[in-house]
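Architecture and fold: a report
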Amino acid sequence: PVGPCPPSPKRESAGRRIQPRVDPVVPPEDEKAFRAFVQSAFTMRRKQMQRIVRSLKNLDAERATRALVAAGIDPMARPETLDGAAFARLLALVG
């Protein structure tokens, strides 16, 4: 709570509890590849998914776009706009 220690902080703190999903987006045997794919996507700052897929999976623009559209992802989207299920669908298509 704000108040016990002068000077009082300007903000309140809060905690958040994270629980594992009951229905994981990938099976346990695919988790390592999934984690590596997602982490790699987020290391490519300010890039759109088409460019990320092209770079990470060594695909030409047409193949990357087809895979993204098949996964239901806008090729111009950025990784922070996708959920885990979208990354899982994409990884299933591009390996």
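Before any of the text, the structure's been laid out above.
First, a word on scope: everything that follows refers to the structure included in this document. Since the structure is predicted, the reported quantities are computational estimates derived from the model, not experimental observations.

**Side note on the nonpolar core**
The biggest cluster of nonpolar side chains holds 23 residues, and the ones touching the most others in it are M49, V53, I73, F87 and L90. Broken down by secondary-structure element, the contributors of at least two residues to this core are α1 (31-43), α2 (49-57), α3 (61-70) and α4 (84-94). Of the residues forming this core, the biggest block, six residues, is contributed by α4. Other than its neighbours up to four places away in sequence, L90 contacts F37, M49, V53, A67, L68, A71 and I73.

**Considerations on α1**
The end-to-end C-alpha separation of α1 is 18 Å, in line with the 18 Å expected for 13 residues at 1.5 Å each. Regarding α1, the residues found buried are F34, F37, V38 and A41. Seen end-on, α1 carries its buried residues on one side only, within an arc spanning 90°. Summarising the geometry of α1, the exposed residues directed more than 90 degrees from the buried face are K32 and T43. Contacts from the buried residues of α1 go to α2 and α4.

Scoring rules and cut-offs
- Each residue is numbered by its place in its chain's sequence as written, counting from 1.
- For a predicted model such as this one, the threshold for reporting local features is a pLDDT of at least 70, and the threshold for listing and counting side-chain atom pairs is 80 or more; totals across whole chains, interfaces and linings nevertheless cover every residue.
- Based on all heavy atoms of the structure, the side-chain values leave hydrogens and waters out of the count.
- We define a nonpolar core as any set of buried Ala, Val, Leu, Ile, Met, Phe, Trp, Tyr and Cys residues linked to one another through side-chain atoms lying within 4.5 Å.
- With a 1.4 Å probe rolled over the protein chains alone, any residue whose accessible area is under 20% of its type maximum counts as buried; one over 50% counts as exposed, and the rest are partly exposed.
- Segments assigned H or I by DSSP are reported as helices when at least four residues long, segments assigned E as strands when at least two residues long, and all are numbered from the N terminus.
- Contacts are assigned to residue pairs that have any heavy atoms within 4.5 Å of one another.
- Multiplying 1.5 Å by the residue count of a helix minus one yields the expected span of that helix.
- This arc is built from the directions going out from the helix axis to the C-beta atoms.

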